[in-house]
Structures are given as structure tokens and as C-alpha cells.
Amino acid sequence: MPRRALCATLRSQRWVEEGLWAAAWHAVTHPPRAAAGWALSCLLCFLRTLTTFFLLPSKGPGGLAPRAEPWESSPEQRVYWSRGAGLPLITVQTDPCAFQVELARLAEESAYFRALARSQMQEAAERRLVLEHVPSGAFRAILEFVFLGHFGLGEEELLPAIQAASYLLVPSFLEQCWLALRTLLRPHNCLSYLHFAEAIGCPEMRAVLCQYLSAQLLELAPVTGQLAPALQEELAGLRTRGPQQLCVLRKENLRAPATPATEPLHGLYCLPLTQGGTWHRATELPFRADKWSFSTAQLLNYLFLLGGYRERCGARGFAFRMAAFRYNPLAGSWQPTAPLLKRRRHFSTAVVGQRIYAIGGWYLDTLLAPDGGTALYAAVERYDPWSDSWAFVSSLPLTDFTFALSLSHDLPLCAAHAGSIYALGSVQRTGEKLLLRYDVGAVRTKKCSYTWKCLYKADASSPSGLQSCFLPLEGLCYKLKLCTKD
């Protein structure tokens, strides 16, 4: 290879060590008689490169040791006085640095040092305290906040500082840590933070993590759905600790045309259950349509809309679209969810445990009002919020099951109580009135051989007896309350 070409090739290589590059450059720019010297130089540079590579610490970016902070090498910068200088100092030995600290000021913020100042312990008498398990960087961050009001921790520095402040009982510093922690929480790291809080025994940090998980309980279903059932129940309970409010919305609009006057129909209105509370429009419905039909359910302090709405298809055509949405009052936001398997409208919903059951109803696409000859769906569907999916369960036992009465226009009239679903209806062929019960708990544990069981049966001449039988459960159908954020 010509000498110029070899020189260009060597220049194009990004050698890590300048000594090795200098030796190679010397070989191609000097006569062959320098080959022996060049070989020796190459060997020495190669050995120096290996030695440097293996002896460098692996910490820090690129395998280089992190640069030392000025305070680590300057004892004068590790002395902390309050404005009233002159009070005695205490030496606190951390890992690896020692600090000179005014005990009286630190005792005002730390219950640990307050107890030390009031005690007759040897450390207090000798004015020297050894905390070798506390990192110096974390302890300095606490001192910077207590004495100077400075707080500026990165993500990597936050956890050691939380552990140290939790051990030393510095609540004011921890409050700043929680504010910083909330900005760092993401679905991919929240569980690791939760495990850390449990490992160091910090209930305040655990409360912050549980608050984050509960506020987005179903939005974070891939994470929260894998938690232990006891923790899921705890998170669900946290969602109901805020102030309560009543909610109302227009579940159906099949007659009023889309005009500016009907715009208020597209809202969810809330009334705080506090003295002096007034109705206000909390949010708009999550769809835009002139006609719709939905049923509602409340589960885990979420409001579910289940059904569909009409949308334009082409220049003159219309079609009903199946849709389902979930409203989170803690975040004030809607999210789409899985639609029903059957195209239903005017169906009943019942919530048992952490599942929603869709019962009855009739075909979504028709705009005709029901009458005595309208046949209902016998299929019953169950919704799992953790997997966002519907599945068919035991159907209503009659194919000619129709409605007897309905105060909410959801047919048949249903209610949930004590782990069972109750459905009120009649047999179209005979006119018999029925009260059916579906024991969800017994079916789940396989303790019974039936699905729907008839609790009450009467002929068409005794409707009053049927009404009085169902009235104790009737009020359960209309309680719709949501809790907002504190």
C-alpha cells in the first residue's frame, strides 16, 4: 500500500489512546530502520491502554469516575450555621464525609435530632454522631434545605434523600420530596417506587404512590391489574374518600333535533353534596351526535356509558354505532372502553363486586318505542374492567320474557344486592309476573347448580303483589354518586 494511502487510513481510525496513534504515525513517516523502535513503542502504548482501561472505575457515564463536588474536598463548605451564629455545633459523620451542624436548628426540623438534643446520650455529650449508613450527598441535601431553603434533587439523588429523611424524621424536607416524586411517576416506574417505599418502611411515600395508582386505577390496568387483591381493594377504597357529588346526564335523545338549543343535552352535570352546592356542567359527553341511547353504571368510582349513538353514513344515510366510555371524576377525563357484544339499547345494568352486568334491552338500531310486543334480549353480558372485555354469562331463562314495568326505561328493571342480581318481568305468553335472582357469588364459587332462580311468581291479576315484593330493592337502581379529588 502506498505511504499516503496508509497514512489516510490511519488518520480515519478513532484511536482511544494518543500514544498508540503517535507510534503508528511514526512507523509510516520514518525509514524502515526505525521498525524496531516503532514495535517497542507500540507494545508500551498497548500495555498502557490496557492498564488504563482496567483500572478506571466503572461509575459514571462512559465508564469514567464521577467528578467530585467541591464540598466533598472542602471541610469549610460542610459547616452549617443558622442566622443566629454562635450556638454549639455537632459533628455528624456520614458516608464518607463529616459535617459540622448547628444542632438546635436541625432539631427544629428533625424529630431524630430533637430527641438527640434532649437526651443524655454519649453522642450528645461528646457532640459527635456517627451515621455511616447515611450517604453524604443525601445528608447534605437535607442540610441545604433546612439551613438555606435550597431544594434541587435529580431523579438519581431523590431516593437516597428520601430514605435518609425518612430515617431522620424531617417532614418538611419530605414534603418537597413528594412534590418532586409526583412529577417523576410514570406507568413503567411506579411499582418500583412502591416497592422501594415498602422496603424502607416509609408510609408517607407509600401513600403518595397509592394515591397515584388509585387516581388512575383503570387507566393503569396493565399495572394495577397485576397487584394483590388486597392492594387493589385498598386502591379502590382510596377513590371514594373525596367529596361526593350527584351526577345527571341525558341517557337518551331520540327526538330532539340537533340545534343550539339542545347543546346542553351533551353535558354531564354535577351537584356537590355540600352546603351551598349548586349544579354545574362538569364535562361534555365524549361523543358528538344528534341521537343516542346509553345505559349507565358506576364501578370503582368511574361512570360508565354503555350503548351507542347515530352517525351519518354517506350523504343521506345514518347508522347507529356501538360505543362505550368511562369517566374518571378524579381526572375529569373520558376514555373509550370495549363496546357491548350485543347491539342493545334500553337495557339494565347491575354492578356486583368489580363487574358490570348488562341485562335485557332490545335492538339498538330501531328508533321505535317499545310496546307490549317488544321482545327483549335474553343474553346477559359481564364486563371485566381490568381486561376491558365483555363475555356472555348465563342468559335469562325465558325466550318470551318481556317487561312488566320500568321506572327508568331500562328493561327489565334490575337491581343488585348482597352479591345477587334481581330482575323483574313477565312472561308474554301467559302474563305471569316473575322476580328472578342471579346469585353471582354462588355461581362464581360453583356452590349451586342453577343460574337464574324464580323468587316470586304471580298471574296477571295480581300486579300489586309483585310491586310490593320488589319495592325494597327499587331504590338501589337510582343511586349514582361520584367522588371527586380532594
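Analysis parameters
Residues numbered from 1 in each chain as written. Predicted model: local features only at pLDDT ≥ 70, side-chain atom pairs only at ≥ 80, totals over all residues. Heavy atoms only, no water. Phe/Tyr/Trp six-rings, centres within 6.5 Å; stacked < 30°, edge-to-face > 60°. Lys NZ or Arg CZ within 6 Å of the ring centre and 35° of its normal. Helix = DSSP H or I, 4+ residues; strand = E, 2+ residues; numbered from the N terminus. Polar contact = N/O pair within 3.5 Å; in protein donor to acceptor, adjacent residues only side chain to side chain. Pairing = 2+ DSSP bridges. Core = buried A, V, L, I, M, F, W, Y, C linked by side-chain atoms within 4.5 Å. Buried < 20%, exposed > 50% of the residue type's maximum accessible area, 1.4 Å probe, protein only. Salt bridge = Lys/Arg side-chain N within 4 Å of Asp/Glu carboxyl O. Patch = residues over 30% accessible without salt bridge, like charges linked within 9 Å, V, L, I, M, F, W, Y side chains within 5 Å. Areas by Shrake-Rupley, 256 points an atom, 1.4 Å probe, with all protein chains shown as cover. Lys, Arg positive; Asp, Glu negative; His and termini not counted. Charge placed at Lys NZ, Arg CZ, Asp CG, Glu CD. Axes fitted to C-alpha atoms, helices over the stretch in contact; angles between N-to-C directions. Parallel < 35°, antiparallel > 145°, perpendicular 65-115°, else oblique. Contact = heavy atoms within 4.5 Å. Nonpolar A, V, L, I, M, F, W, Y, C, P; charged D, E, K, R; others polar. Left-handed = near helix turned anticlockwise from the far one by under 90°. Expected span 1.5 Å × (residues − 1). 1 Å grid on protein atoms, 1.4 Å probe; cavity = no way out; pocket = protein on both sides within 12 Å on 5 of 7 lines; lining within 4 Å. Points joined across faces, edges and corners; volume = space filled by probe spheres on them.

Caption draft 1: Structural view of the packing of aromatic side chains. All told, the structure shown has 19 aromatic pairs when counted by the stated rule. For the pair Tyr 302 and Phe 304, a centre-to-centre distance of 6.5 Å together with 55 degrees between the ring planes defines the contact as tilted. A connected cluster of aromatic rings, assembled from ring pairs, spans Trp 71, Phe 99, Tyr 112, Phe 113, Phe 139 and Tyr 167. The ring of Tyr 302 is capped by Arg 239, whose NZ or CZ atom sits 3.9 Å from the centre of that ring. Lying over the aromatic face of Phe 318, Arg 310 brings its terminal NZ or CZ to 3.9 Å of the ring centre.

Caption draft 2: A look at the side chain of Asn 301. Mapped onto the secondary structure, Asn 301 falls in the loop between β9 (292-299) and β10 (302-313). Reaching out from Asn 301, the side chain makes a polar contact with the backbone oxygen of Arg 239 at a distance of 2.9 Å.

Caption draft 3: Structural detail: the sheet that holds strand β11 (residues 317-328). Here five strands make up an open sheet; going across it, the order is β6-β9-β10-β11-β12 and the pairing antiparallel. The outermost strands of the open sheet, each flanked by one partner alone, are β6 (252-253) and β12 (333-336). Note: β9 against β10, eight bridges, orientation antiparallel. Residue Phe 294 lies in a different strand from β10, and its bridge partner there is Gly 307.

Caption draft 4: Here's a closer look at the nonpolar core. Counting 73 residues, the largest nonpolar core has Phe 113, Phe 139 and Met 205 as the members making the most contacts within it. It is helix α8 (residues 136-148) that contributes the most residues to this core, eight residues altogether.

Caption draft 5: Quick look at the pattern of salt bridges. In this structure the tally under the stated criterion is 12 salt bridges. For Arg 344, the salt bridge goes to Glu 381, with nearest N and O atoms at 3.0 Å. Within this pair, whereas Arg 344 is found in strand β13 (residues 344-345), its partner Glu 381 is found in strand β17 (residues 380-384), the two being separated by 37 residues in sequence. Overall, the relative accessible area of 0% leaves Glu 381 in the buried class. For Asp 384, the salt bridge identified is with Arg 355, shortest N-O distance 3.5 Å. One end of the pair, Asp 384, is in strand β17; the other, Arg 355, is in strand β15 (residues 355-359), with 29 residues separating them in the sequence. The network of salt bridges with shared partners includes Glu 263, Arg 281, Glu 284 and Arg 288.

Caption draft 6: Main features of the sheet that holds strand β3 (residues 98-102). If you walk across this open sheet you meet the four strands as β1-β3-β2-β4, and the pairing is mixed. Only two strands of the sheet have a single partner each, and these edge strands are β1 (79-80) and β4 (128-135). When β1 meets β3, the two strands line up parallel, connected through two bridges. By the bridge assignment for β3, Tyr 80 is matched with Val 101.

Caption draft 7: How the structure looks around the pairing of β3. Where strand β2 (residues 89-95) meets β3, five bridges bridge the pair, whose relative direction is antiparallel. Pairing of Ile 90 across the sheet is with Val 101, part of β3. Between the end of β2 and the start of β3, which pair antiparallel, lie two residues.

Caption draft 8: Region of the structure containing a negative patch on the surface. A contiguous patch of negative charge, built from Glu 69, Glu 72, Glu 155, Glu 156 and Glu 157, is present on the exposed surface. Residue contributions to the negative patch peak at three residues, all from helix α9 (residues 155-168). With respect to the secondary-structure elements, Glu 72 resides in helix α4 (residues 70-73).

Caption draft 9: Up close: the packing of helix α12 (residues 203-215) against helix α14 (residues 229-238). Contact geometry of α12 with α14 gives a least axis separation of 9 Å together with a crossing angle of 75 degrees. Classified by the interaxial angle, the pair formed by α12 and α14 is roughly perpendicular. Along its contact with α12, which presents Arg 206, Cys 210, Gln 211, Leu 213 and Ser 214, the element α14 presents Leu 231, Glu 234, Leu 235 and Leu 238. Across the contact of α12 with α14, the residue classes break down as five nonpolar, two polar and two charged.

Caption draft 10: Structural view of the pairing of β17. The buried fraction of β17 is high, at four of five residues. Pairing geometry for β15 and β17, over four bridges, is antiparallel. Bridged to Ile 356 within β17 is Tyr 383. Across five bridges, β17 lies against strand β18 (residues 389-393) in antiparallel orientation. Bridging across to β18, Tyr 383 finds its partner in Trp 390. Following β17, the chain reverses through four residues before pairing antiparallel with β18; Asp 388 in that reversal takes a positive phi of roughly 50 degrees.

Caption draft 11: Representation of the packing of α8 against α9. Running from N to C, α8 and α9 cross one another at 70 degrees; their axes reach a closest spacing of 8 Å. The angle between α8 and α9 places the two elements in the roughly perpendicular class. Regarding α8 and α9, the two cross each other, and that crossing is right-handed. Here α8 contributes Ala 138, Phe 139 and Ile 142 to the contact with α9, which in turn contributes Pro 160, Ala 161, Ala 164, Ala 165 and Leu 168. For the contact of α8 with α9, a count of residues per class yields eight nonpolar, no polar and no charged.

Caption draft 12: Representation of the side chain of Thr 296 within the structure. As for its placement among the helices and strands, Thr 296 is situated in strand β9. Excluding its chain neighbours within four sequence positions, the residues that come into contact with Thr 296 are Leu 249, Lys 251, Leu 303, Phe 304, Leu 305 and Thr 349.

Caption draft 13: Looking closely at helix α10 (residues 171-184). Its 14 residues give α10 an end-to-end C-alpha distance of 20 Å, which sits within 8% of 20 Å, the value for a rise of 1.5 Å per residue. Three or more residues of α10 are buried, namely Phe 173, Leu 174, Cys 177, Trp 178, Ala 180 and Leu 181. Buried-residue contacts for α10 involve α8, α9, α11 (190-200) and α12.

Caption draft 14: Up close: the layout of surface pockets. For the second largest pocket, the calculated volume is near 780 Å³. Lining the second largest pocket we find 25 residues, and of these Glu 69, Trp 71, Gly 137, Ala 138 and Glu 157 sit closest to its centre. Here the residues of the lining of the second largest pocket are counted per class, giving 12 nonpolar, five polar and eight charged.

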